[in-house]
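If you want the building blocks of each chain, they are given just below.
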Amino acid sequence: MSLRLLRPDDWHLHLRDGAKLTSTVAHTANQFGRALVMPNLKPPVITLAQAAGYRERILAARPAGNRFEPLMALYLTDNSDAKEVAAVKQSDFALAYKLYPAGATTNSDAGVTGIEKVYGVLAEMEKHGVPLCVHGEETDHHVDIFDREKVFIDRTLIPTLKRFPGLKVVFEHITTKDAAEFVRDSEHQVAATITAHHLLYNRNAIFQGGIRPHYYCLPVLKREHHRAALLDAATSGNARFFLGTDSAPHAVHTKEASCGCAGCYTAHAAVELYAEAFASVGKLDRLEGFSSLFGSDWYGVARPTEYVHLHQEEWQVPARYAFGSDEIVPLRAGEALRYKLVG
Ligand code: DOR
Ligand code: ZN
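A brief structural summary. What you are looking at is a predicted structure, and each value in this text was computed from that prediction instead of being measured. (Residues numbered from 1 in each chain as written. Chains lettered and ligands numbered in written order. Predicted model: local features only at pLDDT ≥ 70, side-chain atom pairs only at ≥ 80, totals over all residues. Heavy atoms only, no water.)

1. Things to note about the overall build of the chain
- Looking only at helices and strands, the chain has eleven helices and 13 strands in total.
- Across the 343 residues that make up the chain, the buried fraction comes to 57%.
- Considering only contacts within the chain whose residues lie at least 6 apart along the sequence, 72% involve residues at least 24 apart.
- For the chain, the exposed area adds up to about 13,600 Å²; of that, 49% sits on carbon and sulfur atoms.
- Here the chain contributes 37 positive and 40 negative side-chain charges, whose respective centroids are spaced 1 Å apart. (Helix = DSSP H or I, 4+ residues; strand = E, 2+ residues; numbered from the N terminus. Buried < 20%, exposed > 50% of the residue type's maximum accessible area, 1.4 Å probe, protein only. Contact = heavy atoms within 4.5 Å. Areas by Shrake-Rupley, 256 points an atom, 1.4 Å probe, with all protein chains shown as cover. Lys, Arg positive; Asp, Glu negative; His and termini not counted. Charge placed at Lys NZ, Arg CZ, Asp CG, Glu CD.)

Structure, rendered in structure tokens:
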């Protein structure tokens, strides 16, 4: 079996910086034509000038001859400059702002401490049609970690969309039936990215025979009925749902630790992992829309024109990959995958 597919784009990706880019960019650039690169570096990528610099470093890390195109998201802070929104709209490489509620996840300390702090920026984004990518989790630690996405919808997302009804929002890496239904039914311009790991695994994966840090990410994996709802949404053909891996590399010693970092690394085999999920419900024919068309349509950029091929071919994922001077453990390390992306 071989499936021809327009080259996919990854609408949610972490590449990190410095020497680590050599490893992460190569994996992503092998598979994807473009990726929306997340700005949660230390320090974060807040301004257009910082995004331009980061983009240059990513471009310099591409394998020889590769034409991978990084697109940038700017990190929204309480002090982001509303006057810069128009310039973001004009730029040909920055596509969106990313809202990290402060304290929600990795490198979110500089994030937004209250949504009202960024009303000025959101008003400009609504006016200029610049999308807001949202890490949609309530940060109130009294809220159970498995309920934080649902509570975020009620406490933050719905009121924000009421105030800015024309704002384009991408609900990033959704993990619940609640979020999938919210996006499907919203009267607003709301879309969502879905990761491969949230399509393939439920929360049992984190605790299978012991604690498994490489399945720990944020938002955390949820119950099986949520996974099933996400798979339904991804394979439904609804153009509001598209591919965003949230591939998030962390050096092995920072994951296998008493307080391990959140993030699953999937860039080494992202499209193969999505293919496995789609094939599990007999919907491989729906993969191309999700992986290669709906995201570019939503962001208003050109559709891909090159093709890749997915072969049904078993291969073994290495136990580790280099990650700058460290190593990472990829998802499915040492295990077999059933598809191989070629070209
Ligand atoms: O699991 C995650 N890892 N979730 C995030 O929101 C951030 C990411 C990272 O940057 O490591
Ligand atoms: Zn992310």
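2. What to know about the packing of helix α5 (residues 148–163) against helix α6 (residues 177–185)
- Their axes nearest at 9 Å, the elements α5 and α6 cross at an angle of 25 degrees. Considered as vectors, α5 and α6 are oriented roughly parallel to each other. In the packing of α5 onto α6, the handedness of the crossing is right-handed. Counting all contacts with α5, which are made through E149, K150, I153, L157, I158 and L161, the residues of α6 involved are D178, A179 and F182.
- Of the residues assigned to the contact of α5 with α6, the class counts are six nonpolar, no polar and three charged. (Axes fitted to C-alpha atoms, helices over the stretch in contact; angles between N-to-C directions. Parallel < 35°, antiparallel > 145°, perpendicular 65-115°, else oblique. Left-handed = near helix turned anticlockwise from the far one by under 90°. Nonpolar A, V, L, I, M, F, W, Y, C, P; charged D, E, K, R; others polar.)

3. A short note on the coordination of the zinc ion (ligand 2)
- Distances from the zinc ion (ligand 2) to its protein donors, namely H12 (NE2), H14 (NE2) and D246 (OD), fall within the range 2.0 Å.
- Here the donor residues of the zinc ion (ligand 2) share one chain and are spaced in sequence as H-x1-H-x231-D. Taken as a pair, H14 in the loop between β2 (10–13) and α1 (20–31) and D246 in the loop between β9 (241–243) and α9 (252–255) lie far apart in primary sequence, 232 residues in all. Accessibility classification places H14 together with D246 in one group, the buried group. (Donors = N, O, S within 2.8 Å, 3.2 Å for Na, K, Ca; no water.)

4. Examining α6
- For α6, the complete set of buried residues consists of A179, A180, F182 and V183. Down the axis of α6, the buried side of the element spans an arc of 160 degrees, and every buried residue falls inside it.
- Where α6 is buried, its residues meet α5, β7 (169–171), β8 (190–194), α8 (224–234) and β9. (Arc of directions from axis to C-beta.)

5. A few points about the packing of aromatic side chains
- Scanning all chains against the criterion turns up ten aromatic pairs.
- Grouping aromatic residues by their ring pairs yields a cluster made of W11, F242, W298 and Y299.
- Sitting over the face of the ring of F323, K20 holds its NZ or CZ atom 5.4 Å from the ring centroid.
- The positively charged end of K340 is found above the aromatic ring belonging to W315, 3.9 Å away from the centroid. (Phe/Tyr/Trp six-rings, centres within 6.5 Å; stacked < 30°, edge-to-face > 60°. Lys NZ or Arg CZ within 6 Å of the ring centre and 35° of its normal.)

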